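Reading the structure
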Amino acid sequence: MSLSYETLTGADVAASLDDLGRLRAAVFRDWPYLYDGDPANEAAYLRSYQDTPGAILVAARDGGRMVGCATGMPLARHEDARDLPLADLGLAMDDVFYCAESVLLPAYRGHGAGHVFFDRREDHARALGYAVSMFCGVERPDDHPARPPDARSLAPFWEGRGYRSRDAVIRMSWTDIGDAAPSEKRLRVWTRPL
């Protein structure tokens, strides 16, 4: 499988936001997110990536079609940064680059896109002078009724890239597929030095 990759920053991000919104809404419907999202709302949420200095979007394309994407920005500029227990982790806000979304359609998984997504974001963060890369991974119980029988943890992949799970979580709320209202979810903090 041959994918092409494009790294976008600043105003160049704007042309990909609708595609990313659709992709995010589609991928996040699956395990472990189970997110009942709307592509238009997703695109609106993602507009900060075109306006935030230091933000990056890495697009994976099959021909002209976006099939995967990863985003990141300086943690100090991310709207969820205030919820992170940075002092407890021995981290300073201005040292951390936040790797946010990594979404890829199922047919394209297992062919190296995840490594390209992390490589490009980490290289970008290093070039900007950041010392730490961070992301948050959704945690669901093993006995969750919507857990697919073939679900596998991404922890070995993340650990292989040098990330480690930290003793810290943030809580976010969204509406799961089939639910009438949002419910709180736990997201584990993972970091690695750059």
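Here, the structure is the one placed above.
These remarks concern the structure in this document. (Residues numbered from 1 in each chain as written. Predicted model: local features only at pLDDT ≥ 70, side-chain atom pairs only at ≥ 80, totals over all residues. Heavy atoms only, no water.)

Section: helix H1 (residues 17-27)
Looking at H1, one finds that the buried residues are Leu-17, Leu-20, Gly-21, Leu-23, Arg-24, Ala-25 and Val-27. Considering only its buried residues, H1 is in contact with helix H2 (39-46), helix H3 (48-51), strand E2 (56-62), strand E3 (65-74) and strand E4 (96-104). (Buried < 20%, exposed > 50% of the residue type's maximum accessible area, 1.4 Å probe, protein only. Helix = DSSP H or I, 4+ residues; strand = E, 2+ residues; numbered from the N terminus. Contact = heavy atoms within 4.5 Å.)

Focus on the pairing of strand E5 (residues 132-139)
The buried fraction of E5 is high, at seven of eight residues. For E4 and E5, the ladder comprises three bridges, and the chain directions are parallel. By the bridge assignment for E5, Val-96 is matched with Val-132. For the crossover from E4 across helix H5 (residues 113-127) to E5, the handedness is right-handed. Where E5 lies against strand E7 (residues 183-193), eight bridges are found, and the strand directions are antiparallel. Looking at the pairing, Val-138 lines up with Leu-187 of E7. (Pairing = 2+ DSSP bridges. Right-handed = clockwise from strand over helix to strand, strands pointing away.)

Brief notes about the nonpolar core
Residues Leu-75, Leu-84 and Met-134 are the most contacted members of the largest nonpolar core, which totals 56 residues. Per-element accounting of this core gives the leading share, seven residues, to E4. Setting aside anything within four residues of it in sequence, one finds Leu-84 in contact with Leu-75, Met-134, Cys-136, Ile-170 and Val-189. (Core = buried A, V, L, I, M, F, W, Y, C linked by side-chain atoms within 4.5 Å.)

So yeah, pure geometry; function would need other evidence.
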